Amino acid sequence: MAEIIAVANQKGGVGKTTTTINLAAFLGKMGQQVLIVDVDPQGNASSGLGLDIHKIEKTTYEVFLEEVSLAEAILRTETQNVSVVPANVNLSGIEMDLLQMEAREYKLQAALKQVAPNYDWVFIDCPPNLGILTLNALCAADGVMIPLQTEYYALEGLTQLMRVIGLVQQSLNPSLELKGVVLTMYDQRTSLAHQVVDDVKQHFGDKVFSAVVPRNVKLSEAPSFGKSILEYAPDSSGAKAYEQLASEVMKNG
């Protein structure tokens, strides 16, 4: 049965999708079968793997509405052993659609049940907010991975996310655990970045992954080519960091 991980942080631009895509790519390289479920209406995890999200008719939106099964919406990507359930802008209207539905926070959990045995890992790429989509991801997941940029105010807002995770653990998904914090956009030249790393480690202890993702131009460029960093710039510092992260995730998994 797959280990299901929600990649979440309500702050935008912290490296959620970058982490989802590149961690999946390196796990795929290690021979793991990986499924990415895109629940962000921006669809960046889908387009970042080379899909034209505007032309896709079976997405997570249709899965949430139970118009198609999750299995029917899965697409293979050109990245080795990585498949994706894509998302596009249609998903932005889901809050209203789910308003009248019973057990709406468990829609994704129910949809994933049939396909989870076919994969080693399922990563749910969450939107940058704590709405119904992120709640669905947390209810469906075994663990949460939090990408955190090593910049000023990094820990600000995390209190809210941790509170939501706590509430989900209490009442909706008792088995949910914090898989770990991934430090991203690290610039070793600044004393601020070192200070943030120290603060985060003090706060989260051994829940902070050893792999630290640097600020790296190649990581920023790769999605515009529809490729992971493994395919786009395998020798870059960004690729080395995600390869290390994938090894850690495998070891801890």
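Residues numbered from 1 in each chain as written. Predicted model: local features only at pLDDT ≥ 70, side-chain atom pairs only at ≥ 80, totals over all residues. Heavy atoms only, no water.

Before going further, it helps to spend a moment on the nonpolar core. By size, the foremost hydrophobic cluster in this structure holds 56 residues, and its most contacted members are Leu35, Leu70, Leu112 and Ile124. Sequence-distant contacts of Leu35, that is, excluding residues within four places in its chain, are made with Leu70, Ile74, Ser83, Val84, Val85, Leu112, Val115, Tyr119, Trp121, Val122 and Phe123. In terms of nonpolar packing, the next biggest core, distinct from the first, is built from 33 residues, Ala24, Phe26, Ala45 and Ala239 among them. (Core = buried A, V, L, I, M, F, W, Y, C linked by side-chain atoms within 4.5 Å. Buried < 20%, exposed > 50% of the residue type's maximum accessible area, 1.4 Å probe, protein only. Contact = heavy atoms within 4.5 Å.)

So, on to helix 7 (residues 132-140). Judged by how many residues are buried, helix 7 sits mostly within the fold: eight of nine residues are covered. Taken together, the buried positions of helix 7 are occupied by Ile132, Leu133, Thr134, Asn136, Ala137, Leu138, Cys139 and Ala140. (Helix = DSSP H or I, 4+ residues; strand = E, 2+ residues; numbered from the N terminus.)

Take a nonpolar patch on the surface next. Taken together, Tyr152, Tyr153 and Leu192 make up a surface patch of nonpolar side chains, about 350 Å² in accessible area. Following the sequence through the fold, Leu192 ends up in helix 9 (residues 191-204). (Patch = residues over 30% accessible without salt bridge, like charges linked within 9 Å, V, L, I, M, F, W, Y side chains within 5 Å. Areas by Shrake-Rupley, 256 points an atom, 1.4 Å probe, with all protein chains shown as cover. Salt bridge = Lys/Arg side-chain N within 4 Å of Asp/Glu carboxyl O.)

With that out of the way, let us pick up the pattern of salt bridges. Scanning all chains against the criterion turns up six salt bridges. Residue Asp52 pairs with Lys55 through a salt bridge whose shortest N-O separation is 3.8 Å. For Glu151, the salt bridge is made with Arg215, and the minimal N-O distance between the two is 2.1 Å. Note that Glu151 is positioned in the loop between strand 6 (143-149) and helix 8 (158-171) and Arg215 in the loop between strand 8 (208-214) and helix 10 (217-221), a separation of 64 residues in sequence.

With eight of ten residues buried, strand 7 (residues 177-186) lies mostly within the body of the structure. As paired elements, strand 6 and strand 7 share seven bridges and run parallel to each other. In the strand pairing of strand 7, Met145 is matched with Gly180. Sheet analysis places strand 7 next to strand 8, joined by three bridges and oriented parallel. (Pairing = 2+ DSSP bridges.)

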